[in-house]
Amino acid sequence: GLPTSPNDGTHGRGRLLGIDTEEDGQTITGIRSGLPAEKAGLKIGDKILKIGDKTVGSYEELRTAIRASQKKSTIVVLREGKELTLSVEFTE
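Residues numbered from 1 in each chain as written. Predicted model: local features only at pLDDT ≥ 70, side-chain atom pairs only at ≥ 80, totals over all residues. Heavy atoms only, no water.

Visitor: Explain the pairing of strand β2 (residues 28–31) residue by residue, including any values.
Guide: For strand β1 (residues 19–21) and β2, the ladder comprises 3 bridges, and the chain directions are antiparallel. Within β2, the residue paired with Thr21 across the bridge is Ile28. Connecting β1 to the antiparallel partner β2 that follows it, the hairpin turn spans 6 residues, and Gly25 within it adopts a positive phi of roughly 75°. (Pairing = 2+ DSSP bridges. Helix = DSSP H or I, 4+ residues; strand = E, 2+ residues; numbered from the N terminus.)

Visitor: Requested: an account of the environment of Thr29, with residues and values cited.
Guide: Residue placement: Thr29 occurs in strand β2. Aside from chain neighbours lying at most four places away, what touches Thr29 is Asp20, Thr21, Glu22 and Ile44. (Contact = heavy atoms within 4.5 Å.)

Visitor: Can you break down the sheet that holds strand β5 (residues 72–79) residue by residue, with the values?
Guide: By definition, the strands of a sheet pair up through backbone hydrogen bonds, in either a parallel or an antiparallel sense. With antiparallel pairing, 4 strands are arranged side by side in an open sheet as β4-β3-β5-β6. Of all strands in the sheet, those with a lone pairing partner are β4 (54–55) and β6 (82–89), marking the two edges. The strands touched by helix α2 (residues 59–68) are β3 (47–51) and β4; relative to β3, the strand with the most contacts, the crossing angle is about 40°. (Axes fitted to C-alpha atoms, helices over the stretch in contact; angles between N-to-C directions.)

Visitor: Which residues make up the nonpolar core, and what values go with them?
Guide: One finds Leu17, Ile19, Leu42, Ile48, Ile51, Leu62 and Ile75 to be the most contacted residues of the largest nonpolar core, which totals 17 residues. When residues of this core are traced back to their parent elements, those giving at least two are α1 (36–40), β3, α2, β5 and β6. No other element matches the 3 residues that α2 contributes to this core. (Core = buried A, V, L, I, M, F, W, Y, C linked by side-chain atoms within 4.5 Å. Buried < 20%, exposed > 50% of the residue type's maximum accessible area, 1.4 Å probe, protein only.)

Visitor: Residues and numbers for the side chain of Ser73, please.
Guide: Tracing the sequence through the fold places Ser73 in strand β5. Overall, the relative accessible area of 11% leaves Ser73 in the buried class. Of the polar contacts made by the side chain of Ser73, one reaches the backbone nitrogen of Gly52; its length is 3.4 Å. When near neighbours in sequence (up to four residues on either side) are disregarded, Ser73 contacts Ile51, Gly52, Leu86, Ser87, Val88 and Phe90. (Polar contact = N/O pair within 3.5 Å; in protein donor to acceptor, adjacent residues only side chain to side chain.)

Visitor: Go over the pattern of salt bridges, please, and point to the residues and values.
Guide: Tallied over the entire structure, the rule returns 4 salt bridges. Note that Glu60 and Arg63 form a salt bridge whose closest N and O atoms lie 3.6 Å from each other. Of this pair, Glu60 and Arg63 are both found in helix α2, 3 residues apart, which corresponds to roughly one turn of the helix. Among the ionic pairs, Glu89 bridges to Lys71, the shortest N-O distance being 3.5 Å. In this pair, Glu89 sits in strand β6 while Lys71 sits in the loop between α2 and β5, placing the two residues 18 residues apart along the sequence. Classification of Lys71 as partly exposed rests on a relative accessible area of 38%. (Salt bridge = Lys/Arg side-chain N within 4 Å of Asp/Glu carboxyl O.)

Visitor: Hey, could you go over the environment of Thr91 for me, with residue numbers and the actual values?
Guide: Secondary-structure assignment places Thr91 in the segment after β6. Counting along the chain gives 75 residues from Thr91 to Leu16, while the straight-line C-alpha distance between them is 5.3 Å.

Put into structure tokens, the structure is as follows:
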């Protein structure tokens, strides 16, 4: 199986979001305190649709989107059937 922590600092430029996801790379199963995801207001159960201008449809795309995003970016999530756009500032 895939690792469930795509944002643990070992990928890309070491940019941290601070989430754990299901194998789909979209559905948040865990949020680490004090990291950008928590500060942005992401919640467990949110499904990540986009980071910046990159669509997220898989674990690989999640990693790519985090690497490609600006330090200050946006995350679009599906929460309770509604799309929300949240501002995020990544930790390098």
